[in-house]
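Structural overview
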Amino acid sequence: MVAFGKKLKARQIQEWQAYYINYKLMKKKVKQYAHQIEVGTLERRHVLKDFSRMLDNQIEKIVLFLLEQQGLLASKLAKLREQHDALEQQPEISQITELREGYRVVGYDLLKLLYFVEMNAIGLRKILKKFDKRFRYRFTDYYVKSRANHPYSQLQQVFKHVGLGAVVGAVSRNLHELQDCQGSYLSIYDPPALPLQDPVVDSIKAAVDRLTHSTNFLNFMAQHALIMQEDLPAPAEEQIDEERYHYVSLLLNLANTFLYMVNTYIIVPTADNYSMSLGAAATVCGIVIGAMAVAQVFSSVYFSAWSNRSYFRPLVFSSIVLFVGNAMYALAYDLNSLTMLLLGRLFCGFGSARAVNRRYISDCVPLKIRMQASAGFVSASALGMACGPALAGILQINFKIYKLTFNAMTLPGWVMAVAWIVYLIWLWFSFKEPSRDVEENNSPHAPDSETAEKNTLEKGLKQPLLITSEEQQEDDEDAEADGSEEVSQESRRPATSIASAYRLLTPSVKVQLLIYFMLKYAMEILLSESSVVTTYYFSWSTGTVAVFLACLGLTVLPVNIVVGSYISNMFEDRQILLASEIMVCVGILLSFHLIIPYSVPQYVCSGLIMFVSAEVLEGRYYFCCFIYDMA
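Residues numbered from 1 in each chain as written. Predicted model: local features only at pLDDT ≥ 70, side-chain atom pairs only at ≥ 80, totals over all residues. Heavy atoms only, no water.

Remarks on the overall build of the protein
What the protein contains, in helices and strands, is 27 helices and two strands. Looking at the 631 residues of the protein, the share that counts as buried comes to 47%. Within the protein, contacts between residues separated by at least 24 positions form 80% of all contacts whose residues are at least 6 apart in sequence. Per element, the accessible surface of the protein, about 31400 Å² overall, is 63% carbon and sulfur. (Helix = DSSP H or I, 4+ residues; strand = E, 2+ residues; numbered from the N terminus. Buried < 20%, exposed > 50% of the residue type's maximum accessible area, 1.4 Å probe, protein only. Contact = heavy atoms within 4.5 Å. Areas by Shrake-Rupley, 256 points an atom, 1.4 Å probe, with all protein chains shown as cover.)

Re the side chain of Ser307
Within the secondary structure, Ser307 is located in the loop between helix H13 (285-306) and helix H14 (312-335). Given the relative accessible area of 1%, Ser307 is considered buried.

Let's talk about the packing of aromatic side chains
For the coordinates displayed, the defined rule picks out 32 aromatic pairs. Judged by centre distance (5.2 Å) and plane angle (70 degrees), the rings of Trp16 and Phe65 are edge-to-face. In this pair, Trp16 is assigned in the loop between helix H1 (4-11) and helix H2 (23-39) and Phe65 in helix H3 (residues 44-89), connecting sequence segments 49 residues apart. Its relative accessible area of 4% is what places Phe65 among the buried residues. Taken together, a centroid distance of 4.1 Å and an interplanar angle of 10 degrees make the contact between Tyr19 and Phe65 stacked. Here Phe65 lies in helix H3 and Tyr19 lies in the loop between H1 and H2, a separation of 46 residues in the sequence. (Phe/Tyr/Trp six-rings, centres within 6.5 Å; stacked < 30°, edge-to-face > 60°.)

What to know about a nonpolar patch on the surface
A cluster of nonpolar side chains, Ile320, Phe323, Val324, Leu343, Phe347, Ile421, Ile425, Trp428 and Phe429, forms an exposed patch at the surface whose accessible area comes to about 830 Å². With four residues, helix H18 (residues 411-430) is the largest single contributor of residues to the nonpolar patch. With respect to the secondary-structure elements, Phe429 resides in helix H18. The exposure class assigned to Phe429 is exposed, which follows from its relative accessible area of 68%. (Patch = residues over 30% accessible without salt bridge, like charges linked within 9 Å, V, L, I, M, F, W, Y side chains within 5 Å. Salt bridge = Lys/Arg side-chain N within 4 Å of Asp/Glu carboxyl O.)

Structural notes on H14
The end-to-end C-alpha distance of H14 is 34 Å, a good match for the 34 Å that 24 residues give at a rise of 1.5 Å each. Once H14 ends, the next one or two residues include Asn336, with phi positive near 50 degrees. (Expected span 1.5 Å × (residues − 1).)

Considering the pattern of salt bridges
All chains considered together, the criterion is met by five salt bridges. The closest approach of N and O atoms between Glu15 and Lys112, which form a salt bridge, is 3.9 Å. With Glu15 in the loop between H1 and H2 and Lys112 in helix H4 (residues 93-135), this residue pair connects regions lying 97 residues apart in the sequence.

Observations concerning the packing of H2 against H3
Where H2 contacts H3, the axes come no closer than 11 Å and their chain directions differ by 170 degrees. Relative to H3, the element H2 is oriented roughly antiparallel. Across the interface between the two elements, Met26, Lys29, Val30, Tyr33 and Ile37 from H2 touch Arg44, Val47, Asp50, Phe51, Met54, Leu55 and Gln58 from H3. When its residues are assigned to classes, the contact of H2 with H3 shows eight nonpolar, one polar and three charged. (Axes fitted to C-alpha atoms, helices over the stretch in contact; angles between N-to-C directions. Parallel < 35°, antiparallel > 145°, perpendicular 65-115°, else oblique. Nonpolar A, V, L, I, M, F, W, Y, C, P; charged D, E, K, R; others polar.)

Considerations on the environment of Val356
Along the chain, Val356 turns up in helix H16 (residues 354-364). For Val356, a relative accessible area of 0% corresponds to the buried category. For Val356 and Leu315, which are 41 residues apart along the polypeptide, the C-alpha to C-alpha distance reads 7.7 Å. Those residues in contact with Val356, other than ones at most four positions away along the chain, are Asn253, Phe303, Ser307, Tyr311, Pro314 and Leu315.

Side note on the nonpolar core
Most often, soluble globular proteins have nonpolar side chains that are buried together. Counting residues in hydrophobic clusters, the biggest one holds 78 residues, and the most contacted among them are Tyr423, Leu427, Phe431, Leu527 and Phe611. Among the elements that take part in this core, helix H11 (residues 247-265) stands out by supplying nine residues, more than any other. Each of two domains, domain 2 (245-432) and domain 3 (499-545 + 553-630), supplies a minimum of three residues to this core. When sequence neighbours within four positions are dropped, the list of residues in contact with Leu527 reads Tyr265, Val268, Met385, Leu549, Leu552 and Phe611. Residues Ile21, Tyr33, Met54 and Leu128 belong to the second largest nonpolar core, which totals 49 residues. (Core = buried A, V, L, I, M, F, W, Y, C linked by side-chain atoms within 4.5 Å. Domains from an automatic or database assignment.)

Looking at the side chain of Thr542
Tracing the chain through its elements places Thr542 in helix H24 (residues 542-554). Residue class for Thr542 comes out buried when judged on its relative accessible area of 16%. Among all residues touching Thr542, those that are not within four sequence positions of it are Pro269, Thr270, Asn273 and Gln396.

So, unusual backbone geometry
At Asn336, a residue that is not glycine, the phi angle is positive and equals roughly 50 degrees. The residue Asn336 is located in the loop between H14 and helix H15 (338-350) in this model. In this structure, Ser539 is a non-glycine residue whose phi angle is positive, near 60 degrees. Turning to its location among the elements, Ser539 is positioned in the loop between helix H23 (530-538) and H24. On the basis of relative accessibility, which here comes to 61%, the residue Ser539 falls in the exposed class.

Considering the confidence of the model for the protein
Mean pLDDT over the protein: 76, with 71% of residues reaching 70 or higher. The low-confidence segment residues 181-196 (pLDDT under 50) makes 23 contacts with residues lying over four places distant or belonging to another chain. This stretch, residues 479-492, has a pLDDT under 50; its non-local contacts, to residues over four places away or in other chains, come to 23 contacts. (pLDDT = per-residue confidence, 0-100.)

Digging into the packing of H13 against H16
With their axes 8 Å apart at the nearest point, H13 and H16 run at an angle of 40 degrees to one another. Taken together, the axis directions place H13 and H16 in an arrangement best described as oblique. Side by side, H13 and H16 meet where Gln296, Ser300, Phe303 and Ser304 of the first sit next to Arg354, Ala355, Val356 and Arg359 of the second. Partitioned by chemical class, the residues of the contact of H13 with H16 number three nonpolar, three polar and two charged.

What to know about the environment of Gly413
Its place among the elements puts Gly413 in helix H18. Judged by relative accessible area, Gly413 falls into the buried class, the value being 1%. As for Gly413 and Met328, which are separated by 85 residues in sequence, their C-alpha atoms are 8.0 Å apart. Residues contacting Gly413, with those up to four places away along its chain left out, are Asn326, Tyr329 and Ala330.

This is the structure:
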């Protein structure tokens, strides 16, 4: 990951250099504040006041220049409007061509201004994040809310690019009117909208979409899915994304996610009965259920490495392995083999392609719909988690075909085996492998002045990799503040094993992973032992256990949406994390059978508290430990 300060320096337009956010100065000020607070020469409230004033000054500088440039563009558009009106009286082909070229020039000027706003918006977001991380204070919320909601807000100009939309509309509308519409009197505002085949307008729309993405708060469900994207994707990268995107292939990835989650939880209500039918104790069902998760630890490594070369082949392999695993799970009953049962679940875990599903969304889905695709990933996971136990509750039948037994214990395996075969056939005929070739940017060239400027920017991007010691120190500081070790040569290489991945972890990340392990441990105990506990204490049937687990799964999406949309705006993340950890502990304590008779309300309430709190903790864990660092 290249430090943002160096990226900003390389990509800024030289003649506008003085009007960009002074990211280097503000980063040094943050470090200076930290030192002054540490030695006791400055109070926190003075730091907040001074830093707010500095940010206000930087934003004012950006906004005043932005307004000046908008005025220049508006003046050019007004002159072009006069020429346009004159041409309506006496139209001439040569003058129409010249007028269209004039609007294109304004379009390229507008494109420069959009890039300018985007760079500054990302710089503001990053320096606010850096301040929050260094001082453990949620300053960003206070600053954005207090400035953005004020009637004289200057921040709105940057984060909502107020005013630029009018310029975008003027350029698009006039170029639309000047194209050959074959006598049509429709405009861009009339349905059905006429397609405008002009490269500068396409580039402007792409830049506006990217700017909107850069300045909006990330969708919570996308954060929960850990789908990453670069801060500054180039237009060429967007064009490659469009060419690589295939809607049916995306659906196939989401279907894989859904089926795998169904496969994980469909056996939970019947695993204890299956274990006892093979001569094992009912509690062995915990090992049977957990075997899939253990195997997934290893499959995530080789599937991640495999996705560097292909998406289609890993998904095919995953489907075949999952078919074999489910068939082995179902056949274990007739073979009376507990070993076959465990091997079947291990095979299912070895077929986990969730790493490929995430990677496909991150790499092959265009930026403008990546958030929706990420939300679809989380929705498919949550729906599969709820459908698995519910489906097990439906499969309460018993019959034999030849020597094969089909009952409540084996049917989950047979149903999932058939599902994976159907999925494999659909995958084989419908999936489109995205191109891995890096294509040249073949977008039409801008006018000569713009071409020269683009060449200058390209030269800036091709600076030597050797940097001065001062710049190296700044990059190291950026990496330290962002909680990242990617400045080292080792961390730039992809992790190809669990050991190499572990070596890349910082001590703080290891602690965070331990917390994550404990919350997943508590959640899996609840799910895995639910059938054993409820049968022993309450004599619940398989159908009742299935309904209980399905209801738990259905809470995932509503709870995460409420927490991500409302509660996170009222409380700090660390407060939500602490409260969630406390509630998980409360749920665990309530689940014990101590003095009073164990009752159904006690078990249901403790399970609900434990599961919901663990889900909230997992969602905020993803947000705080990963996405916030990468935003």
